[in-house]
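# Inside the fold
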Amino acid sequence: MPTSTFFNLNDSKRAKLLQAIEQEFARAPLSQASIANIVKLAGISRGSFYQYFDGKEDAFFYLLKLHTDKRRAYFLNLLQETDGDLMASMDQVFRITLAELSEEKHLQFLKNAVLNVTHEVEDSFTELFLGKHDEVDAMNQVKDLVDFKKLNVDDKQEFFHVMQILTSVTFRNIVDQLSRNLSQEEALENFRIEMDLLSKGLSKANKEV
């Protein structure tokens, strides 16, 4: 996370620095990005950069968190709009994310993050739906909005694992769409098939024939 010095910057300076950070990570993935380019774009010294962030990884994951927080708010709003329909909300998040990644040039940063995925990047995406591992309130915020009458889930622990499964399927399909250069229609169809299978269940055991 940024230092307190970063948050004490006035709005215009903070926005200019974030714009420079995003521009550099849109140009290159984290491993190839350059602090030298960031400070040049932002018009600051290298020493000033280190007053705000520990390094380029710190800046990268803060920027990723800003994007994730925005989409998490959208997801929570969807749960309210769909009367707690988890599957419908996940489907809509996937659709919107695909559309944004294909249409908005400034999201090249997110494309680079997804195409050069690490455990840390995947964990950041997971926070969109689950919050951080140590944030019980974040998980409960989702849980409180879900209509459990529409799910075959018995307890909180089962719900956590359901969310992990749904998040993994969603993230992998986004990676697939970008890495395999699938059309939005192909990606949506693949996602829909997998979500339908999860909705129906895979085993015939204990089902009436």
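Residues numbered from 1 in each chain as written. Predicted model: local features only at pLDDT ≥ 70, side-chain atom pairs only at ≥ 80, totals over all residues. Heavy atoms only, no water.

### Observations concerning the overall build of the protein chain
Selection criterion: Helix numbering and strand numbering both begin at the N terminus, where a helix is a DSSP run of H or I of at least 4 residues and a strand a DSSP run of E of at least 2. Categorising residues by exposure relies on relative accessible area from a 1.4 Å probe, with only protein chains included: less than 20% of the type maximum marks a residue as buried, more than 50% marks it as exposed, and the intermediate range marks it as partly exposed. Two residue types count as positive, namely Lys and Arg, and two as negative, namely Asp and Glu; His and chain ends fall outside the count. Lys charges are placed at NZ, Arg charges at CZ, Asp charges at CG and Glu charges at CD.
When its secondary structure is counted, the protein chain shows eleven helices and zero strands. When the helices and strands of the protein chain are placed in sequence order, the string is α-α-α-α-α-α-α-α-α-α-α. Looking at the 209 residues of the protein chain, the share that counts as buried comes to 43%. Measuring between centres, the 25 positive side-chain charges of the protein chain sit 5 Å from its 33 negative side-chain charges.

### Quick word on helix H6 (residues 86-103)
Our working rule: The span you would expect from a helix comes to 1.5 Å times its residue count less one. Two residues form a contact once any of their heavy atoms are found within 4.5 Å.
The first and last C-alpha atoms of H6 sit 26 Å apart over 18 residues, in line with the 26 Å expected at 1.5 Å per residue. Those residues of H6 that sit buried are Leu86, Ser89, Met90, Val93, Phe94, Thr97, Leu98, Glu100 and Leu101. Buried residues along H6 sit in contact with helix H5 (56-81), helix H7 (108-115), helix H8 (119-130), helix H10 (156-179) and helix H11 (184-200).

### Topic: the nonpolar core
The tendency in soluble globular proteins is for nonpolar side chains to be buried as a group. Counted only if it meets this: Remark: nonpolar core denotes a set of buried residues (Ala, Val, Leu, Ile, Met, Phe, Trp, Tyr, Cys) joined through side-chain atoms within 4.5 Å.
Counting residues in hydrophobic clusters, the biggest one holds 58 residues, and the most contacted among them are Phe75 and Leu86. Sorting elements by how many residues they give to this core places H5 first, with nine residues. Look past the residues within four positions of Phe75 in its chain and what remains in contact with it is Leu86, Ser89, Met90, Val93, Leu128, Phe129, Val142 and Met163.

### Focus: the pattern of salt bridges
Pairing between side chains of opposite charge can happen when the charged atoms of each approach one another. The cut-off we apply is this: Salt bridges are defined by distance alone: a side-chain nitrogen of Lys or Arg within 4 Å of a carboxyl oxygen of Asp or Glu.
Under the counting rule described, the total for this entry stands at ten salt bridges. Notably, a salt bridge pairs Asp69 with Lys65, separated by 2.6 Å at the nearest N-O pair. Taken together, the residues span about one helical turn, with Asp69 and Lys65 both in helix H5 at a distance of four residues. On the basis of relative accessible area, Asp69 is assigned to the partly exposed category, the value being 33%. A salt bridge links Asp147 to Lys149, with the nearest nitrogen and oxygen atoms 3.3 Å apart. For Lys149, a relative accessible area of 77% puts it in the exposed group. One connected set of salt bridges, linked through shared partners, spans Arg172, Asp176, Arg180 and Glu194.

### Some thoughts on the environment of Lys13
Tracing the chain through its elements places Lys13 in helix H2 (residues 11-27). Sequence-wise, Lys13 and Phe159 are 146 residues apart; in three dimensions their C-alpha atoms are separated by 42 Å.

### Notes on unusual backbone geometry
Unlike most non-glycine residues, Asp83 shows phi in positive territory, near 55°. Its location among the elements puts Asp83 in the loop between H5 and H6. For Asn181, which is not glycine, the phi dihedral falls at a positive 55°. Structurally, the position occupied by Asn181 is in the loop between H10 and H11. Under the relative-accessibility criterion, Asn181 is labelled exposed at 68%.

### Structural notes on the environment of Ile174
For Ile174, the location among the structural elements is in helix H10. It is 9.3 Å that separates the C-alpha atoms of Ile174 and Leu101, two residues lying 73 residues apart in sequence. When neighbours within four sequence positions are excluded, Ile174 is seen to be in contact with Phe94, Thr97, Leu101, Val114 and Phe125.

Fair warning: the whole summary comes from geometry, so function is off the table for now.
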